[in-house]
Structures are given as structure tokens and as C-alpha cells.
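# Coordinate analysis (summary)
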Amino acid sequence: MQFVNKHEIKPIVYGNFPVKILHDFEIRPNELAFPLHWHDRFELLLIKQGSLDYYCSTEHVIFKEGDVAIISPKSLHSAFAGADGVVYDVIMFNLDHFINGTIASKNFLTPLNDGNLIFETKTTNSEIVNQLQAIINADLHRNSYQPLMVLGYVYNLMGLLYEHCVTIENTTTNIEEKFGKVINYINKHFAEDISSSFLSSKFGYEEAYFCRKFKKNTGITVMKYIQVLRLEESKKLITKSDFSIKDIALTCGFSDVAYFTNCFKKLYQMTPTQMREQKIQK
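I will try to describe carefully the structure that is included in this document. This structure is a prediction, so every number in the text was calculated from the model and none was measured. (Residues numbered from 1 in each chain as written. Predicted model: local features only at pLDDT ≥ 70, side-chain atom pairs only at ≥ 80, totals over all residues. Heavy atoms only, no water.)

## Thoughts on the overall build of the protein
Our working definition: Runs of H or I in DSSP of at least four residues are treated as helices and runs of E of at least two as strands, each being numbered from the N terminus. Note on contacts: a residue pair is in contact if any heavy atoms of the two residues lie within 4.5 Å. All accessibility values rest on the Shrake-Rupley procedure with a 1.4 Å probe; residue burial counts only the protein chains present in the view.
A tally of helices and strands in the protein yields 10 helices and nine strands. The long-range share in the protein, meaning contacts at least 24 apart out of those at least 6 apart in sequence, stands at 76%. Accessible area of the protein: about 14100 Å², with a carbon and sulfur share of 51%.

## Quick look at the pattern of salt bridges
The line we're drawing: Salt-bridge detection follows one rule: a side-chain nitrogen of Lys or Arg within 4 Å of a carboxyl oxygen of Asp or Glu. For the exposure calls, accessible area comes from a 1.4 Å probe over protein chains only, and a residue counts as buried if that area is under 20% of its type's maximum, exposed if over 50%, partly exposed in between.
Inspection of the entire model under this criterion finds seven salt bridges. In this structure, Lys48 engages Asp89 in a salt bridge whose closest nitrogen and oxygen atoms are separated by 3.5 Å. A residue pair is termed long-range when its members are at least 10 positions apart, and Lys48 in strand E3 (residues 42-56) and Asp89 in strand E6 (residues 77-93) qualify at 41 residues. We classify Lys48 as partly exposed; its relative accessible area is 32%. Residue classification places Asp89 among the buried positions, given a relative accessible area of 3%.

## Looking at the side chain of Asp67
How we decide: By the criterion applied in these results, polar contacts are pairs of N or O atoms within 3.5 Å in which, for protein atoms, one can donate a hydrogen and the other can accept it, and in which residues neighboring in sequence qualify only through two side-chain atoms.
Here Asp67 shows up in the loop between strand E4 (60-64) and strand E5 (68-71). Polar contacts involving the side chain of Asp67 include one to the main-chain amide nitrogen of Lys64, which spans 2.7 Å. Among all residues touching Asp67, those that are not within four sequence positions of it are Leu45, Leu46, Ile47, Ile62, Lys122, Thr123 and Thr124.

## A short note on the pairing of strand E2 (residues 32-37)
The following threshold applies: Strands are treated as partners if at least two bridges between them are detected by DSSP.
Taken across its six residues, E2 has five buried, putting it largely inside the fold. As paired strands, E2 and E6 are joined by three bridges and run antiparallel to one another. Bridge pairing links His37 to His77 in E6.

## Looking at helix H3 (residues 146-164)
Short version of the rule: By this rule, a helix spans an expected 1.5 Å times one less than how many residues it contains. This arc corresponds to the set of directions leading from the helix axis out to the C-beta atoms.
With 19 residues, H3 should cover 27 Å at 1.5 Å per step; its first-to-last C-alpha distance of 26 Å lies within 8% of that length. Buried within H3 are the following residues: Gln146, Pro147, Val150, Val154, Leu157, Met158, Leu160 and Leu161. Taken end-on, H3 shows its buried residues confined to a sector of 160 degrees, consistent with a single buried face. Summarising the geometry of H3, the exposed residues directed more than 90 degrees from the buried face are Leu148 and Glu163. Against the buried residues of H3 lie E3, E5, E6, helix H1 (103-113), strand E7 (117-119) and helix H2 (126-140).

## Some words on the pairing of E5
The side chains of a regular strand alternate between both faces of the sheet. Across the two faces of E5 the burial is the same, with Val68 and Ile70 and Ala69 and Ile71 all buried. Relative to E5, E3 runs antiparallel, the two sharing four bridges. Its bridge partner being in E5, Leu46 is matched across the sheet by Val68. For E5 and strand E8 (residues 122-123), the ladder comprises two bridges, and the chain directions are antiparallel. Following the sheet pairing, Ala69 is matched in E8 by Lys122.

## With respect to a nonpolar patch on the surface
Put simply, the rule is: Like-charged residues within 9 Å of one another, or nonpolar side chains (Val, Leu, Ile, Met, Phe, Trp, Tyr) within 5 Å, are grouped into patches, provided each residue has over 30% relative accessible area and no salt bridge.
A contiguous nonpolar surface patch, about 280 Å² in accessible area, is contributed by Leu148, Leu151 and Tyr155. Looking at where Leu151 falls in the secondary structure, it is placed in helix H3.

## So, helix H7 (residues 222-240)
Between its first and last C-alpha atoms H7 spans 27 Å; for 19 residues at 1.5 Å apiece the expected length is 27 Å, and the two agree. By the burial criterion, the buried members of H7 are Val222, Tyr225, Ile226, Gln227, Val228, Leu229, Arg230, Leu231, Glu232, Ser234, Leu237 and Ile238.

## Observations concerning the side chain of Ser51
Position of Ser51 relative to the elements: it lies in strand E3. Residue Ser51 is classed as buried on the basis of its relative accessible area of 17%. Those residues in contact with Ser51 that sit more than four places away from it in its chain are Ile62, Phe63, Lys64, Phe80, Ala81, Gly82, Ala83, Gly85 and Val86.

## Description of the nonpolar core
Counted only if it meets this: Take the buried residues of types Ala, Val, Leu, Ile, Met, Phe, Trp, Tyr and Cys, join any two whose side-chain atoms come within 4.5 Å, and each joined set is a nonpolar core.
Core analysis: the biggest nonpolar cluster contains 28 residues, and Phe42, Leu44, Phe93, Met158 and Leu161 have the highest contact counts within it. Of all the secondary-structure elements, those providing two or more residues to this core are E3, E5, E6, H1, E7, H2 and H3. Top contributing element to this core by residue count: H3, with six residues. Counting residues in each nonpolar core, the second largest holds 24 residues, with Trp38, Tyr55, Phe80 and Ile186 among its members.

## Examining the packing of aromatic side chains
Both the distance between ring centres and the angle between the ring planes are used here to describe each pair of aromatic rings. Our working definition: Note on ring pairs: Phe, Tyr and Trp rings are taken, using the six-membered ring of Trp, and paired if centres are within 6.5 Å. Classes follow the plane angle, with under 30 degrees stacked, over 60 edge-to-face and the rest tilted.
Enumeration according to the criterion identifies 19 aromatic pairs in this entry. Measuring from centroid to centroid gives 5.5 Å for Phe42 and Phe93, while their planes differ by 25 degrees, and the two rings are stacked. One end of the pair, Phe42, is in strand E3; the other, Phe93, is in strand E6, and 51 residues separate them in sequence. By the burial criterion, Phe42 is buried, and Phe93 matches it. Here the aromatic cluster, defined as three or more aromatic residues joined through ring pairs, consists of Phe42, Phe93, Phe98, Phe108, Phe119, Tyr155 and Tyr162.

The structure is reproduced here in C-alpha cells:
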């Protein structure tokens with residue numbers, strides 16, 4: 001059974017290149033880097049500046065410059081930029097594109113692709129960093145034969161990960177179906193008047209147990225998660241619409257505009273009005 005919560009469904013287009021690279025992905029201080037979700041692909045983040053506050057179902061990790069974040073397939077995760085923001089490169093690929101009839105791919109790639117095995121979340125190993133840099137450089141300087149070279153880089157990368165990183169039997173991939181429905185409900189109804197009391201009652205949990213369970217599985221409290229979703233939606237409306245700040249606050253689930261402004265400033269280091277003015281000036 002796979003997650004029934006926030007599965008990332010937007011497809012990644014690889015084209016003729018077997019790996020997708022996002023260069024210099026920059027997140028402002030304390031902003032949400034990516035919401036709670038999971039995906040089928042293998043993903044690595046090479047931290048270039050600042051720090052990344054990363055949460056998954058088993059741990060909370062802070063990544064700093066030079067670190068590599070390893071995100072295995074079907075692993076639930078989210079992250080926030082640190083106090084100084086963060087800049088990182090993203091390297092992503094689908095392991096099933098690299099699984100063939102060989103014993104090696106069956107024994108080592110298939111368990112990862114199926115979500116039965118995961119790597120430890122963090123590494124600073126120089127060989128792994130160098131291999132990632134080789135893939136990034138190949139993307140920056142593409143020619144007719146580079147895609148073939150990248151195939152070799154990926155296989156070598158996976159071997160280095162097995163050599164230098166601890167592998168863990170993944171027992172946390174499948175969150176129970178009912179709890180998955182809770183997260184799915186929040187993702188759809190975060191702008192409504194919902195609370196930990198309401199959610200625990202609706203889904204048949206005792207509230208204190210529900211709150212502990214939510215934080216254990218997501219890394220953050222349920223009310224913090226709801227607040228972040230509301231603020232992220234408000235940020236989109238502030239920069240992409242002409243709605244008033246008051247209307248945006250109400251639309252996103254904030255009944256008190258002053259409280260909304262205070263929360264917004266804490267997360268984005270500027271008020272909603274300042275963000276809108278900054279957008280207009282660009």
C-alpha cells in the first residue's frame with residue numbers, strides 16, 4: 001500500500017537527458033522549501049549556501065553548506081530554509097529507468113525503487129559529492145554523448161552510496177490509511193476553520209495522541225503545518241492577485257488580519273504589504 005496523502009503527481013520531464021537538474025534553487029530565510037509530500041523518484045540535494053531544516057517521518061536533520069541530502073523513493077518529507085536562507089542544486093532521476101536484467105540492479109536498485117530500503121539521510125563523503133558535481137557539470141555542458149556518460153555516473157553514484165552510506169530497512173513508508181486521510185484532508189481544507197481538536201474528533205483519535213502521532217510522522221505540529229499551508233497560499237495571492245490583504249487573510253483561514261501579518265512577517269521577514277510593494281517594483 002502506498003501513501004494516500006500528499007503524493008507529488010506532477011510528472012518530471014527528463015527529455016533525452018536521464019537526470020533532471022535544478023541549478024541554484026534559492027529559498028528565502030525561514031520559508032517553506034517544499035511541503036509535506038513524497039514521490040517515486042530518487043532525489044539528492046547538494047547544499048551550496050545557508051542551511052535547510054529537513055523533516056521526514058523518522059528524523060529531523062539540519063543540512064549545511066557542503067552536505068548532501070539523500071531523499072529515497074516513497075519517503076515522506078518536508079523542509080524549511082534556515083535563518084540565512086538556502087541555495088542548493090537538485091539532482092533527480094527515476095530508478096526504474098536504470099533497472100535492467102542484471103543481478104546487480106535487481107539486488108541493489110529494485111529494493112530502493114520499491115521503497116523497501118532507504119539510505120541514511122545525510123552524507124558529506126567527498127567521492128559522492130564529486131560524482132554529483134560530475135552529473136551537474138554534464139548537464140551544464142551538454143553534447144551528443146553526455147547522456148551516455150551520465151548513465152555511467154548514476155550507476156557509479158549508487159555504488160558509492162551503498163559503499164559509504166548506511167542502508168536502512170524502511171518500515172515507515174506506509175503510514176496507516178486513516179492517518180494518511182487526515183493529511184490529505186488538511187491539504188484540501190487548510191483554509192477552513194480546522195484545529196487539532198476538530199481533526200482528532202473527525203477521524204476518531206484522542207487529541208493528545210493525535211498531536212503526538214502527527215508530529216512523529218511529519219516532524220512538525222499539526223497547527224504549524226496548517227499555518228504554513230495558509231501562509232504559502234497567502235503568499236501566492238499577494239504576489240499574483242489584486243485582492244486586498246484583508247481579503248487574502250480571510251480567504252486563507254486567518255480571521256484576524258493583525259495576527260496574519262505577524263505570522264507572515266515571522267516566516268517571510270517582511271509584511272504582506274512590503275512583499276506586494278517589492279513585487280510591484282520588479
